[in-house]
Amino acid sequence: MTTFIESLQAAWQRNRSLVCVGLDPEPARLPTRFAGDDDAVFAFCRDIVDATADLVCCFKPQIAHFAALGAEGALQRLIAHIHARQPGVPVILDAKRGDIGSTAEHYAREAFERYGADAVTLNPYLGRDSLQPFLDRADKGAVILCRTSNPGAGDLQDLDVGGMPLYQRVAERVAHEWNGNGNCLLVTGATYPSQLAEVRRIVGDMPLLVPGIGAQGGDVEAVLGHGQASDGAGLLISSSRAILYASAADDFAAAARQATLALRDEINRHRRMPTD
Ligand SMILES: O=C(O)c1cc(=O)[nH]c(=O)n1[C@@H]1O[C@H](COP(=O)(O)O)[C@@H](O)[C@H]1O
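Residues numbered from 1 in each chain as written. Predicted model: local features only at pLDDT ≥ 70, side-chain atom pairs only at ≥ 80, totals over all residues. Heavy atoms only, no water.

Peer 1: Sorry, what's going on with the pairing of strand β7 (residues 208-211) here?
Peer 2: Note on strand geometry: in a regular strand, side chains alternate between the two faces of the sheet. Residues of β7 alternate between two faces, with Leu208 and Val210 on one and Leu209 and Pro211 on the opposite face, all of them buried. Relative to β7, strand β6 (residues 184-188) is paired through two bridges, and the arrangement is parallel. Within the sheet, the bridge partner assigned to Leu186 lies in β7 and is Leu208. A crossover links β6 with its parallel partner β7, the connecting element being helix α9 (residues 193-203), and its sense is right-handed. The pairing of β7 with strand β8 (residues 235-239) spans four bridges and is parallel. Bridge pairing in β8 links Val210 to Ile237. For the crossover from β7 across helix α10 (residues 220-227) to β8, the handedness is right-handed. (Buried < 20%, exposed > 50% of the residue type's maximum accessible area, 1.4 Å probe, protein only. Helix = DSSP H or I, 4+ residues; strand = E, 2+ residues; numbered from the N terminus. Pairing = 2+ DSSP bridges. Right-handed = clockwise from strand over helix to strand, strands pointing away.)

Peer 1: Teacher, can you tell me more about the packing of helix α2 (residues 40-52) against helix α4 (residues 72-85) here?
Peer 2: Packed helices, taken two at a time, are described by their axes: the angle between them and the distance between them. Where α2 meets α4, the closest approach of the two axes is 9 Å, and the angle between their N-to-C directions is 20°. Looking at the two axes, α2 sits roughly parallel to α4. The element α2 and its partner α4 pack so that their crossing is right-handed. When α2 is examined against α4, the residues Val41, Phe42, Cys45, Arg46, Val49 and Asp50 are found in contact with a partner set consisting of Ala74, Arg77, Leu78, His81 and Ile82. (Axes fitted to C-alpha atoms, helices over the stretch in contact; angles between N-to-C directions. Parallel < 35°, antiparallel > 145°, perpendicular 65-115°, else oblique. Left-handed = near helix turned anticlockwise from the far one by under 90°. Contact = heavy atoms within 4.5 Å.)

Peer 1: What's the story with the site of the ligand in this structure? I'm lost.
Peer 2: Every one of the 17 residues lining the ligand counts as a neighbour, but Asp24, Lys60, Ser149, Gln216 and Arg241 are closest to it. One of the side-chain nitrogen or oxygen atoms of Lys96 is found 3.2 Å away from an oxygen atom of the ligand. The side chain of Arg241 places a nitrogen or oxygen atom 2.6 Å from an oxygen atom of the ligand. When isolated, the ligand has an accessible area of 510 Å², and the protein chains bury 90% of it. Looking at side-chain class alone, the shell around the ligand contains five nonpolar, seven polar and five charged residues. (Near = heavy atom within 4 Å. Polar contact = N/O pair within 3.5 Å; in protein donor to acceptor, adjacent residues only side chain to side chain. Areas by Shrake-Rupley, 256 points an atom, 1.4 Å probe, with all protein chains shown as cover. Nonpolar A, V, L, I, M, F, W, Y, C, P; charged D, E, K, R; others polar.)

Peer 1: Just checking my understanding: could you explain the packing of aromatic side chains for this structure?
Peer 2: Each aromatic ring pair is characterised by the separation of its centres together with the angle its planes make. Going through the model one piece at a time under the given rule, you end up with five aromatic pairs. Summarising the aromatic geometry, the rings of Phe34 and Phe252 are spaced 5.5 Å apart at their centres and angled 70° between planes, so their arrangement reads as edge-to-face. With Phe34 in the loop between β1 (19-23) and α2 and Phe252 in helix α12 (residues 252-269), this residue pair connects regions lying 218 residues apart in the sequence. Measuring from centroid to centroid gives 5.9 Å for Phe44 and Tyr245, while their planes differ by 5°, and the two rings are stacked. Of this pair, Phe44 sits in helix α2 while Tyr245 sits in the loop between α11 (241-244) and α12, placing them 201 residues apart in sequence. We note that Phe44, like Tyr245, is buried. Ring-pair connections join several aromatic residues into one group, and the members of that group are Phe34, Phe44, Tyr245 and Phe252. Here Arg33 stacks its cationic end above the ring of Phe34, 5.9 Å away from the centre of that ring. One cation-aromatic arrangement involves Arg147 over Tyr167; the distance from NZ or CZ to the ring centre is 5.8 Å. (Phe/Tyr/Trp six-rings, centres within 6.5 Å; stacked < 30°, edge-to-face > 60°. Lys NZ or Arg CZ within 6 Å of the ring centre and 35° of its normal.)

Peer 1: Can you walk me through the confidence of the model for the protein chain in this structure?
Peer 2: Keep in mind that low pLDDT regions are not for reading the predicted coordinates in detail. Looking at the protein chain as a whole, its pLDDT mean stands at 97, while 99% of the residues score no less than 70. Across the assembled chains, the prediction reports ipTM 0.99 with pTM 0.98. (pLDDT = per-residue confidence, 0-100.)

Peer 1: Explain the UniProt feature "domain: Orotidine 5'-phosphate decarboxylase" (unreviewed entry) in the protein chain to me, please; I cannot follow it from the model alone.
Peer 2: Under the feature "domain: Orotidine 5'-phosphate decarboxylase" (unreviewed entry), the UniProt entry names residues 18-256. The distance from the first to the last C-alpha atom of residues 18-256 is 16 Å, and the span holds 41% helix and 17% strand. (UniProt positions renumbered as here; feature names shortened; annotations may be inferred.)

Peer 1: For this particular structure, what's the right way to read the side chain of Asn15?
Peer 2: As for its placement among the helices and strands, Asn15 is situated in the loop between α1 (4-14) and β1. The exposure class assigned to Asn15 is buried, which follows from its relative accessible area of 7%. Apart from residues no more than four positions distant in its own chain, Asn15 is found in contact with Ala53, Asp54, Leu55, Val56 and Arg264.

Peer 1: What exactly am I supposed to notice about the sheet that holds strand β2 (residues 58-61) here?
Peer 2: Sheet strands pair by backbone hydrogen bonding; their relative direction is either parallel or antiparallel. With parallel pairing, the eight strands of this open sheet are ordered in space as β2-β1-β8-β7-β6-β5-β4-β3. Of all strands in the sheet, those bounded by a partner on one side alone are β2 and β3 (92-97). Across the sheet, the mean angle separating the axes of adjacent strands is 30° when strand polarity is ignored. Packing of α10 onto the sheet brings it into contact with β7 and β8, and relative to β8 it is tilted by some 160°.

Now the structure itself:
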């Protein structure tokens, strides 16, 4: 059985890419060719996946973008499509789960059994027991929010907790206590490079999911300068809107491919590339 971490490492290497393409469909922004198409959300995301799969280390569908439309079926079929047609490219379900243990069990079943995800984003606010059903799945990835990319990230995450900001306490706790199965990752926004560096210092080579490149204005060079692991990898640099909506015309899939290629190459220019 291949674990999430093994698939991720293989995809980093095979595709020479740290890019994670976020799948955040917004009906109002879909190309006009999808007007009147009842299955537009699935068809659009499928075309993006097939146009970029050899250039990425993972895909990250965002659950609210499907659920708000009643399109959970499209999300299920999309993840099944990725596994069938792009095998070896892992899928992170961005659902930011976390609840009391009995409910968390259901969230874990939803992510891994219903949707067939390889990893899921998690909110640590309720504490370890709220994430235990995810931590116990050694074959799956537990991608835990640490220092997020949004403007209000510091409201709580920067609060001083015994001489250290809360986000650093989260990093310490995950790295030293919750990662017994070696299946944890942390989320650190591209928009805050110095905090990214602090997290990297605390967690060693643990993989970090870094959203905030592209539409949120994060800087690729700063992310690589502050966040790469000792082997020049260790990052999943996520971009959604800047790739999905690179063109609103019929060439949207080719434009998404170009945008992904450009991001991959820009990232690689700032990496210590492994010799192969
Ligand atoms: O967990 C996430 O993926 C996430 C964490 C974070 O700190 N910031 C963040 O933007 N995200 C997600 O990453 C995606 C960013 O989208 P773009 O700004 O369009 O690239 C969205 O789906 C967000 O929900």
